[in-house]
Amino acid sequence: PSSGVLFSEADREYIRGHETAFVEQMKEAVKRNGYIAKHNGVVNCVAFDPKDKDGELVVSGGDDKVIKLVNRRTGTTVWTLETNTEIKSVAFTRDGAMLAAGGSDGTVQVWTVAVGSRPVEK
């Protein structure tokens, strides 16, 4: 655990705006398609795939011990990873080549990823 500041108070409104936009886009996907890829528990974290220039691919992690890459335009799951711990944080490297996930048990798992492809454990 870190007690450091990850973002400033000025960034909160910016982040909140993105969260709101994301939720609205997911609602629109459900209206269009009648379904959405979802977790079987609380979603604790999301991150956008930096390799996806259209901003349509988002990864999420939750209490169901699952990590999903979802196309937020269509609401469909690109891939799903099952883990042994509740997922509390997810992050891509700046170039999007790797994905890290932090678990409630204190572990950090790292995968190598390609655009839209299933990750390979590192």
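Higher on the page you've got the structure.
Residues numbered from 1 in each chain as written. Predicted model: local features only at pLDDT ≥ 70, side-chain atom pairs only at ≥ 80, totals over all residues. Heavy atoms only, no water.

**Looking at the environment of Val23**
Here Val23 lies in helix 1 (residues 9-33). Overall, the relative accessible area of 41% leaves Val23 in the partly exposed class. (Helix = DSSP H or I, 4+ residues; strand = E, 2+ residues; numbered from the N terminus. Buried < 20%, exposed > 50% of the residue type's maximum accessible area, 1.4 Å probe, protein only.)

**Here's the deal with the sheet that holds strand 4 (residues 76-82)**
Read from one edge of the open sheet, four strands run 1-2-3-4, paired in antiparallel fashion. At either margin of the open sheet sits one strand with a lone partner, and together these are strand 1 (43-48) and strand 4. Averaged over all adjacent pairs, the angle separating strand axes in this sheet is 20 degrees, with direction ignored. Both strand 2 (residues 57-62) and strand 3 (residues 66-71) contribute to a ladder of five bridges, which runs antiparallel. If you follow Val59 over to strand 3, its bridge partner there is Leu69. (Pairing = 2+ DSSP bridges. Axes fitted to C-alpha atoms, helices over the stretch in contact; angles between N-to-C directions.)

**Considering the nonpolar core**
The nonpolar side chains of a soluble globular protein tend to be buried with one another. Val59, Ile67, Trp79, Val90 and Leu99 are the most contacted members of the largest nonpolar core, which has 15 residues in total. Counting only elements with at least two residues in this core, the list comes to strand 1, strand 2, strand 3, strand 4, strand 5 (87-92) and strand 6 (98-103). When residues of this core are assigned to their parent elements, the largest contribution, three residues, is made by strand 5. If sequence neighbours within four positions are ignored, Val90 has contacts with Cys45, Val46, Ala47, Val59, Gly61, Leu99, Ala100 and Ala101. (Core = buried A, V, L, I, M, F, W, Y, C linked by side-chain atoms within 4.5 Å. Contact = heavy atoms within 4.5 Å.)

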